[in-house]
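# Residue-level structure breakdown
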Amino acid sequence: MSLVKSIEMLLKAQAGGYAVGAFNAENLEMIQAIVAAAEKAGSPVIIQTTPGTLGYAPPEAFAGAACALAKAADVPVAVHLDHGSSFELAKRCKEAGYTSLMIDGSLLPFEENVALTRSVVEMAGDIPVEAELGTVGGKEDSHSAGIQYTDPALAADFVSRTGVSSFAPAIGTAHGIYKDTPELKIDLLREINARVGVPLVLHGTSGVPDETVRECIASGICKVNYATDLRKAFSQAVRTALDNMPDAIDPKKFLKEGRAAVETRVMELIDVCGSFGKA
Ligand code: 13P
């Protein structure tokens, strides 16, 4: 159990027809909530941080908290760099103890994305690397894009030339808050899955109906990313707690309400992923 590389849990999920939830953490309380929810659910889990979060506090600080809690957990926990924005950041996260890395060259021309991703795979050694081709829409940190669907033939070429352990296709989801219900191309996902052997990753999942997420999992998705959903749950709970206790001066008093809300939400999302009891 405890701190593991993401690839072990993703290959198990691929074989078992379920997905592992990958939850973005912004602070200690969210890390605690994600681990506690996974333990209650008996589920593997991935804690991840974006470059924006790592600009707020450095990778060593997040790795320290996340890896310590992961090592003490009685379920498998991986600590992942989400949307790694440079070779240097990926290297720094690896050295800090992250057990999984994403390099996101999706806004680069194809050959440059291949070269950057390949260099990170070589640097990472036995640490698994996720990459993206095509663009998931919306805004994550300062990274903002329209949806550009992944070409299945290019995806197969990209995966074999880079040696990535997992692959994030663009099939119609977007990061952040959806104005309308997103329309996902499930047929495209199936085609990519048929051509690409590695586990597939769904980005931009907050706001995607649970039934659609389940359909994606049945079509090859093995890792499901949730960020906005948990940021909302945490912020709303802390806001309500502060309103209810205007004289509180101990941050633990109101932050623990945010932690409890995230734990509840992560348990629900683990259920959507189908990974209950799969630890
Ligand atoms: P959401 O914010 O839409 O959940 O997207 C999360 C994500 O894909 C992180 O990489």
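Everything below is about the structure printed above this text.
Structural notes, computed from the coordinates. (Residues numbered from 1 in each chain as written. Predicted model: local features only at pLDDT ≥ 70, side-chain atom pairs only at ≥ 80, totals over all residues. Heavy atoms only, no water.)

F23, Y98, L101 and F167 are the most contacted members of the largest nonpolar core, which totals 76 residues. In terms of residue count, the dominant contributor to this core is helix α2 (residues 28-41) (eight residues). In this view, L101 contacts H80, L81, A90, C93, K94, M123, A124, I127, P128, V129 and E130; residues no more than four positions away in its chain are not counted. If you look at the next biggest cluster of nonpolar residues, it comprises 10 residues, including V4, A13, A22 and C222. (Core = buried A, V, L, I, M, F, W, Y, C linked by side-chain atoms within 4.5 Å. Buried < 20%, exposed > 50% of the residue type's maximum accessible area, 1.4 Å probe, protein only. Helix = DSSP H or I, 4+ residues; strand = E, 2+ residues; numbered from the N terminus. Contact = heavy atoms within 4.5 Å.)

On to the packing of aromatic side chains, then. Evaluated as defined, the whole model comprises three aromatic pairs. Each ring, one from F23 and one from Y226, has its centre 6.0 Å from the other, and the planes form 10°; the classification is stacked. With a gap of 203 residues between them, F23 in strand β2 (residues 20-24) and Y226 in strand β12 (residues 221-226) connect regions that are remote in the sequence. A single burial state applies to F23 and to Y226, both of which are buried. Linked through ring pairs, F110, F158 and F167 together constitute an aromatic cluster. (Phe/Tyr/Trp six-rings, centres within 6.5 Å; stacked < 30°, edge-to-face > 60°.)

Around the ligand, a shell composed of 15 residues is seen, among which D82, G204, S206, A227 and T228 lie nearest. For the ligand, an oxygen atom lies 3.4 Å from a polar atom in the backbone of G176. Taking H203, its side chain carries an N or O atom lying 3.0 Å from an oxygen atom of the ligand. Across the complex, the protein chains shield 100% of the 300 Å² of accessible surface that the ligand would expose by itself. Looking at the shell around the ligand, the elements with two or more residues in it are β4 (76-84), β10 (174-175) and β12. Split by residue class, the shell around the ligand holds three nonpolar, 10 polar and two charged. (Near = heavy atom within 4 Å. Polar contact = N/O pair within 3.5 Å; in protein donor to acceptor, adjacent residues only side chain to side chain. Areas by Shrake-Rupley, 256 points an atom, 1.4 Å probe, with all protein chains shown as cover. Nonpolar A, V, L, I, M, F, W, Y, C, P; charged D, E, K, R; others polar.)

Any functional reading would require information that these geometric values do not contain.
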